[in-house]
Amino acid sequence: MPTKPKFTVMRRGKVPLIDFPDPIGTTGKVRMFIASDVHFDNPKCRREILKRDLKECVDGGWPWISAGDWHCAMQGSWDPRKSKSDIRPENMVPDYLDSLVTTSADFLEFAAPNAAVFYEGNHEGSIKRRHETCLNSRLTERMRAGKKGSPVITAGIGGWLLVRVRLTKTASFIYKIWVHHGTGSSGGPVTKGTIATARRAAAYDCDCFISGHIHERWALTTMRARCDERTGRTWTSPILHVQCPTYKEEFSMHETTWHTSMERPPKPVGGTFLDLEIAKEFDGMLRPDKGTKRRLPLHHVVANVVWTK
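Analysis parameters
Residues numbered from 1 in each chain as written. Predicted model: local features only at pLDDT ≥ 70, side-chain atom pairs only at ≥ 80, totals over all residues. Heavy atoms only, no water. Helix = DSSP H or I, 4+ residues; strand = E, 2+ residues; numbered from the N terminus. Buried < 20%, exposed > 50% of the residue type's maximum accessible area, 1.4 Å probe, protein only. Contact = heavy atoms within 4.5 Å. Phe/Tyr/Trp six-rings, centres within 6.5 Å; stacked < 30°, edge-to-face > 60°. Lys NZ or Arg CZ within 6 Å of the ring centre and 35° of its normal. Polar contact = N/O pair within 3.5 Å; in protein donor to acceptor, adjacent residues only side chain to side chain. Salt bridge = Lys/Arg side-chain N within 4 Å of Asp/Glu carboxyl O.

Caption draft 1: Highlighting the side chain of Arg31. Within the fold, Arg31 resides in strand β3 (residues 30–35). Take Arg31: its relative accessible area is 13%, and that puts it in the buried class. Not counting the four nearest positions on each side in its chain, Arg31 is found in contact with Phe20, Glu56, Trp62, Pro63, Phe273, Leu274, Asp275 and Val306.

Caption draft 2: Here's a closer look at the packing of aromatic side chains. Tallied over the entire structure, the rule returns 11 aromatic pairs. When the ring of Trp64 is compared with that of Phe118, the centres are 5.5 Å apart and the planes differ by 70 degrees; the resulting orientation is edge-to-face. On the criterion of sequence distance, the pair formed by Trp64 in strand β4 (residues 64–66) and Phe118 in strand β5 (residues 115–118) is long-range, its members being 54 residues apart. The residues Trp64 and Phe118 share a single accessibility class, namely buried. Put simply, the rings of Phe40, Trp64, Trp70, Phe107, Phe110 and Phe118 touch in pairs and so form one group of aromatic residues. The ring of Trp62 has Lys6 sitting right over it, with the charged end atom 4.4 Å from the ring centre. Above the face of the Phe273 ring, Arg31 is positioned so that its terminal group lies 4.1 Å from the ring centre.

Caption draft 3: Just the environment of Leu54, in detail. Mapped onto the fold, Leu54 is located in helix α1 (residues 47–60). On the basis of relative accessibility, which here comes to 0%, the residue Leu54 falls in the buried class. Placed 226 residues apart in sequence, Leu54 and Lys280 show a C-alpha to C-alpha distance of 32 Å. Sequence-distant contacts of Leu54, that is, excluding residues within four places in its chain, are made with Phe33, Trp64, Phe107, Leu108, Phe110 and Ala111.

Caption draft 4: Region of interest: the environment of Lys267. Relative to the assigned elements, Lys267 resides in the loop between α6 (258–261) and β12 (272–286). With 50 residues separating them in the primary sequence, Lys267 and Arg217 have C-alpha atoms 8.3 Å apart. One polar contact links the side chain of Lys267 to the main-chain carbonyl oxygen of Ile214, over a distance of 3.4 Å. Looking at Lys267, its side chain comes within polar contact range of the side chain of Glu216, at 2.6 Å.

Caption draft 5: Focus on the pattern of salt bridges. Across all of its chains, the model carries 20 salt bridges by this definition. Here Asp59 makes a salt bridge to Lys55, at a shortest N to O gap of 2.8 Å. Of this pair, Asp59 and Lys55 both sit in helix α1, four residues apart, which is roughly one turn of the helix. When the shortest N-O distance is used, the salt bridge between Arg230 and Asp228 registers 3.1 Å. Relative accessible area serves as the criterion here: at 70%, Arg230 is assigned to the exposed category.

Written out as structure tokens, the structure reads:
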């Protein structure tokens, strides 16, 4: 059974903020779900897996985001890539673009209350450039106006996402995520896109970097040395790089497709859960109170990636 959402969504300035109001202490956790490169209107989209993963998210009361390319949108009359084999019957209509929004909104009705942020992908960006309409904006409008409603926010191809996790009713931490749909064609057959982590770690002051686009799946951690200029406390902290997979199964064992004709390998299919916990450790720092020798705990948010089944 669906659980009442355990979060709220708002904006801090222009930045989306997912807030978990219930304290978790050092023994609980919160989680969020990331769906990237769904390509929902493509016949190769594994909708049964997507529905299962979204249901797990909704049943837990957790938020979810789309990291871009929810739509495929390549079967319009203008597109040289169009193919009759890559269009679903319900989208073979004169108002093709409208049908993409309608079918997605109908499918997502059960998960709309848990939708937090929809990021743009290169497929949505292509439609915006060619036709001066944003498929994500049209879809999220439908989700917010639907029977169950939705708090979902529409974002660009990349940007900040803040997640607030509470240790107690009065103490909380902000986990800073930079989300970008991604660039490049395949990420490279050897590196799988991991080379980009060095550039990202140098460019963005974040705790986590989430990307999609290249239909690969991995999580990699880089480290940085930190110093608090107010107290002189020093520590090291991780930057988690999460490369999200796709829901579009393009590989075929027996048929000739564009993917197999280019000798592209099988790609991982599914979504990504990000679990956040609060850890406490002691590094020898004492409280600044005069006459006391009480140790000052060092709290920090710990993130763990869980791939869907």
